[in-house]
Amino acid sequence: MTRAVDTNWQRIQTNTFSNWFNNKLRGNLRSDAKVTGRVEDLAVDLQDGLLLIRLCECVAKPKKITRFNKKPVLKQQKMENITAALNFLKDQGIKFVNIGTEDIFYGNMKLILGLIWTLIAKYQVQLTNRKMSPKKVMLGWVNALMPDMGVSNFTTDWNSGVVLSALVDHIQPGLCPNYASLNPNDAVENCTRAMDLAEEHFEVPIIVDPCDLANPMVDDLSVMTYISYFCSPYSDRLITWVQKKIPHCGITNFTTDWNNGLALSALVDAVRPGLIPNHADLPKAKSLQNVEHAMKVAEERLGVKCLLTPKEMTDPEVDQLIVMSYVTQFQTATLQALASQCRASGIPDSVPVGTTVDFNVDSTEAGEGTVDIVVRKPNGDLATANVSIPSSGRHDVTFTPMETGAFEVIVCLNNDPIPGMPRKISVYDFTKCTFSKPLPKCITVDRPFDFSVDTSRAGADKLDVNLTDEVSGLALPVDASRDENGLNNFTVTPARVGKMVFDVKFANTKIPGSPFTVTVCDSSKVAVFGPTLLSGRGKAGQPIEFSVQTKDAGDAPVEVEAKGPTAVCAVALSKKEEDPTTFSASFVPWQVGNHQVNISFAGAMVGDSPYTVNVSDPSTVVVYGPRLLSGRCKLGEQIDFTVHTKDAGDVKPQIEVKGPTAMCEVDISRKEEDSSVFSARFVPWQVGNHQVDVNVAGQAVGGSPFSLAVTDTQCDVVGLPSKATSGVPLTFQIDISGCGDAKLGATVQGVSGTLTPISLTEREGNSGLYDATFVPSEIGTSTIQVTLNREPVENGPWSVDVTDPSSCVFTAKPPDEIQRGLPTQFSVDTSKGGIGSLEVQVKSQSAHLFLPVEIQEAGSGIHKVTFTPTDVGHLSVEATWAGQQIPSSPFHVSVCDAEHVSAYGPGLASGKAKVGRPVQFTIQAKEAGDGKLKVVARGPTALYAVTLTDNGGLHDAEFVPWEEGEHVISVTLAGTEIPNSPYKLVVETISDPTQIEASGDGLKTAFAGEETLFRLQGQEEGLIERGMFECIAQGVRHNAEVELRDLGGGAYSGSYTPPVPGAYLLIVKCMEKNIPNSPFKVTVFDRPNPSKCVVEGAVLTTGAALVSKKPVNFRVHTKDAGHGKLTVTVASQSGASVKVYMAEDGGGTYSYRFEPELPGRYTVNVRWGDLHVPGSPFKVKVWPPADASKVNAFGPGLNSCKVGDMGEFSIDTKDAGLGTLLVRVHGIKDAFKIQLETPDDKNPRFVKAWYSPAEPGDYVTVIKWEGVEIPGSPFEVKIVDENDRNKKQDIEVMSALSDSTVNEDSQLDVVLSSGDRRKVTPQHFYPPMQSRGYQEKPRKQHSAERSGRFSVDVTATRYAGAKMKMTRKTSEPGPRRMTADDYIDADHSRPYATSRALTPDAGEPPSVLNDSRERRGKEKKREKKGKNMKRSTTDPTDIRPYGGQGLQPVGMPIGRPAAGYPRAAFSRQVYTPGMPMSVLGHGREDEVNKKKKKGKKKSKS
């Protein structure tokens, strides 16, 4: 079973841990020591568990493992020993991970070494803080002890032996003083010498071989185990050092003595007096506050840091090694310089440039350190600063800034900035403040005025601008902002006309020239008058006059400027004498063109300024045109002429042509090559004189108006197209309005020569204008002849080409889907289309591009059209004949690319498939276009339907083959096979009924009228569709049909609904064969009846007294509820489920148990057949567990009382959880009885007790809460009788044998308090009052060391020297746990619950509990044991508590007022023998024996 150790570190660790193991067992490792039991091989020697048990007892002294196999032989015995050891260690708080009994028994070295290291860390290193690893803690201790060595690990740092030698010398200086000069190459020699010194002087066992320690492969756990032995000798020396430093603190350990922080505060002050001067006055109660302050001061002022938090330091179980490491640092701690205690004063915020700055730095309270003072200029360079030191710790600094900007002062102590550093000093120069542009003399009202002041060269100080009204003196608002370049921008909006004063200050000093005065004007109040100026038109050489009105606009100058095309006109401007606010202005334009007139007031444009005046000279305009100037033209002849305005200015002529009765439309346009020349044209449509008027700038040009005589000898044909379509009516107009009263006629002649009249209709209201209409019928060129008075007109005839596009047909139209890159061809027959040309356009709808098209004539009107698609997408093909669409044009085709389609997937890759199982594969056609994708799967005889699912270009294909053999799968796109198509697939069959498995409850049981399910799992899909299954549920009288559903993946579900209860056979066949285990025998039951279920237990009542972390038990009886499934769940208030345990008791009864972890409300759901049983869900409340430490008893009656007086005390159980209160008194029989009551119904947790003693003596009052004594219990009560002091006296043992034993017959000399001497035996004595235990039986022997104060009864009638009859006193039996039989409800004759019957709500009745068999068994054992005990006791039937309200019986459920119990409950008949009372007195032994027999019958009853 021994596993090989194949590495050096594992070997070293195994040897080290074995040596540590043996050291703990024997105390030494010397070969001459006589020991029993030695670990040679950890994998073998721990197999029987004995050595492991011995090790556990050694490390956990004085605790023992009492039950184990001392001579184990069998494997089970050995494993029980190992389990006992592991359980013992778990009880000590040790947690194990992944280790069990079998791991140790079978010698798992990895886990065994881990177990031993856990014990070393717990008992050798003694670390309990799980937040820090042992390695971190021990490194902290080693470096605290030897800060100069810089130890970082427990492996290579220790190989040379230098660190170990240093450790020995640091613990006891002088043992190895030359450790620093040791040669690291002599590693083994250094390690051996240091280990020998440690063993000799510190008794540190050599559990690691020196050669192993010098081995670079040594593991850290082995070194840590060895080094941990040094902690103990060092601890003693460190304690001595601490005691010398703070002798008044009485330090003896490194755990509890440091919890309250007083010792730590004293040590800090002792190392550096004055750090915590008030440490002697610190309150002990504020432990955490004391520790926090001391640790903070130690770290800040002494540089001592701790691995623990202040709260962890106050823990009584704090790890002593961590505290040792912390305290060790104080031995070498020195006062740290503290920058926070350094102060700088006298540093100004701002100064003018050239001013000397003086300040000082005080470091007298900051400790020793280097003070660095630096002054930096705005550009970061160092400024010259003079530093003088007039006294220790004081520095005076001066410097003079000679440039503006922010100077920075930095003062550091040991490179740490002192408070307030760095400090900025703003240096300014107000003379460098300048306006970015001069302020104007005048600004406009209600218009924001912006101005800027540049302070970039003046420093970083503040610029202030104040604006006031000169007349009223009121301040005006200013909007200010500053950019990063030092430019201060201001905006002011004056509200009224007047003057404003600008006061500008920088660093509270006026800048040069401040204050400034600016006039405020309102240009909106200025008005401009003048018709020529406002009309925008003027003539060259004629003056343009206007006036400017400035009333209410303010005192500001008016400026007028007139600009011609190339020169500025002189403007005459003057104030009117009668009105100084009105200005007259005039100028004479000499140039032709636009003149701009600018009128400004206070620098702002007024009115609609600038005004534009177009100046022209009509006398220079020239009109030219031969036909116009000739004065004659033909009717309908277009008249063209030009108008030249080069010297007239920027003008446009206005031309009107007036006919005899109507105006002619004139088209005027400016020539592009010469903008001063205008072209005009018009066509006269009337015969007669026409007048042509040409005007420029409202004046007629030279020669205007012009006269034109119009004559006509021909008609006009309007709207006659050159081409027409056969069978489509053609309409055009013939105008003979200028031809007088001539009669109009018109004919059309086709290619056959036949003349056909044209229908003519004169338009109403348009004399001479006719609409001509005819329908062309002959294809070819038709001639139209117009006659006037049967004579052809001069300008005729006219020709029209007649075509018939509807007779053109596609003789070979392309398919709807074509392939990319392949030429596509179609034909068009135009033989019957007449005269025309065929045009074909192929357009890509996505790219909007036209593809090249080739058209070839094949003769007889047949045209072949060819094009080649280049891209995937849709194409539009349009064919026209003679410019018109032929039938079926346009049409659309889809272009796709089968080469871009691929098929893949498991259904194609293997080339094999199974009958009935889907063949699935994927077709990638994302970039192949919208062509039709077709997949055909053919078997030997069948053609399969293939399902295609389009997922955005990815097509999932699937089909299910039904026959064996070779199948062919063909994939085409637009009729073209894709690459690698067709695919071949071999299909095999796998149908086998023996491979089908059936499962589910429906194969065994079912309920009448309810659907029942079961499941079938096979290897094929589609068996239902193929009709392979046959299923039926056959009953004795009735059958049930079975419905099957295919779930996919070869899984099927079946369901059936049996009509009546009884036995059924479920037959399941596949391929006409029964599947395994078919037919199935199914028992059909009636529906479950949850109303017949009965639940017993604490969950029945909402007031059940339940306690967290205590099991809650209840039962459920389902005997009469039929067949069903019982389900019990428990949920907490938050909804979290609670684990429930169940045990089947038989006969349809089930026991359940759950354990609530936390207090609160819980819901218990009990369901029978998915339906709640009566009362479910049950709501229960769980209370916190009893805590005796929270019970407080107080009052004078717990200390002393006088005979005849009333002794009182109180008991407060407010925060003590749920429990039972027991109060018992030990003393003289019938001396007094304690009565209890709850005086306040609203606070039932507060109990008041009182008694009236009748006999003096020393009594003991025991108060328990749920069987546990409360704080202070037992209480010693002294009862004194002032009238008779002889009833009881104390005796003092005068002699006691020192080396022998005193038995019951020994005579001891005693003396009474009255001075009389007596000879008495030890059996007459009470036990000493100092002892809290009370004997059940008198001790037969008393050790001589038991001398002390004893008590003996001496009656008043006895005299000194008389023979005394002593009565041996014994204590009463301890209280037992209350049961439901302890109280009887007089009204309902039903037991009350008293055990754990605490409910905090007043008036809440105790819950009814059923006694478990376990509790009844314990009660019977306790009663049996009480009968055999030889002791005096009081028969409870003799005790008659005083009746009346307020009296509480023993074990009273706190929380219910005493008035809630019936009066009859306190009568003699209520209590049964053996019932514990709140107060039990001492009775005589003979009386008790007499009444024991009487009490037997009552106990049974």
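For the structure itself, consult the block above.
Conventions used here
Residues numbered from 1 in each chain as written. Predicted model: local features only at pLDDT ≥ 70, side-chain atom pairs only at ≥ 80, totals over all residues. Heavy atoms only, no water. Helix = DSSP H or I, 4+ residues; strand = E, 2+ residues; numbered from the N terminus. Buried < 20%, exposed > 50% of the residue type's maximum accessible area, 1.4 Å probe, protein only. Contact = heavy atoms within 4.5 Å. Areas by Shrake-Rupley, 256 points an atom, 1.4 Å probe, with all protein chains shown as cover. Pairing = 2+ DSSP bridges. Axes fitted to C-alpha atoms, helices over the stretch in contact; angles between N-to-C directions. Core = buried A, V, L, I, M, F, W, Y, C linked by side-chain atoms within 4.5 Å. Parallel < 35°, antiparallel > 145°, perpendicular 65-115°, else oblique. Left-handed = near helix turned anticlockwise from the far one by under 90°.

Draft legend 1. Quick look at the overall build of the chain. Counting its regular elements, the chain contains 21 helices and 104 strands. Relative to its 1501 residues, the chain shows a buried fraction of 45%. Taking the intrachain contacts of the chain between residues at least 6 apart in sequence as the baseline, contacts between residues at least 24 apart amount to 64%. When the accessible surface of the chain is summed, it comes to about 77600 Å², and 48% of that surface belongs to carbon and sulfur atoms.

Draft legend 2. Up close: the sheet that holds strand β3 (residues 357–362). Pairing in this open sheet of four strands is antiparallel, and the strands run β1-β3-β6-β5 from one edge to the other. This sheet does not close on itself; its edge strands, each paired only once, are β1 (343–345) and β5 (386–391). The sheet shows a mean angle of 20° between the axes of neighbouring strands, taken without regard to direction. Strand direction decides the pairing type here: β3 and strand β6 (residues 394–399), joined by six bridges, are antiparallel. Across the sheet, residue Phe359 finds its bridge partner in β6, namely Val397.

Draft legend 3. Molecular detail of the sheet that holds strand β85 (residues 1140–1146). The four strands are arranged β80-β82-β86-β85 in an open sheet whose pairing can be described as antiparallel. In this open sheet, the two edge strands, each paired with only one partner strand, are β80 (1094–1097) and β85. Strand-to-strand, the axes of this sheet are offset by a mean angle of 20°, without reference to chain direction. Bridge analysis of β85 against strand β86 (residues 1149–1154) gives six bridges, and the strand direction is antiparallel. Among the inter-strand pairings, Met1142 is bridged to a residue of β86, identified as Tyr1152.

Draft legend 4. The arrangement of the nonpolar core in detail. Counting residues in hydrophobic clusters, the biggest one holds 119 residues, and the most contacted among them are Trp141, Trp158, Ile227, Phe230, Trp258 and Phe330. Looking at this core element by element, the count peaks at 11 residues for helix α6 (residues 109–124). Leave out the neighbours within four places in its chain, and Ile227 touches Met138, Trp141, Val142, Trp158, Leu164 and Leu167. Grouped together as the second largest cluster of nonpolar side chains are 27 residues, Val901, Phe921, Ile969 and Ile978 included.

Draft legend 5. Expanded view of the pairing of strand β29 (residues 611–616). In terms of strand pairing, strand β21 (residues 537–539) meets β29 through three bridges, oriented parallel. Opposite Lys539, over in β29, you have Ser616 as the bridge partner. Direction of pairing for strand β27 (residues 593–601) relative to β29: antiparallel, over a ladder of five bridges. Each bridged residue has a counterpart across the sheet, and for Asn594 the counterpart in β29 is Asn614.

Draft legend 6. Just the packing of helix α7 (residues 134–145) against helix α16 (residues 320–328), in detail. α16 packs onto α7 with a crossing angle of 25° between their chain directions and a minimal axis gap of 8 Å. Relative to α16, the element α7 is oriented roughly parallel. Once α7 is placed against α16, the crossing between them reads as left-handed. Along its contact with α7, which presents Val137, Met138, Gly140, Trp141, Ala144 and Leu145, the element α16 presents Leu321, Ile322, Met324, Ser325 and Thr328.

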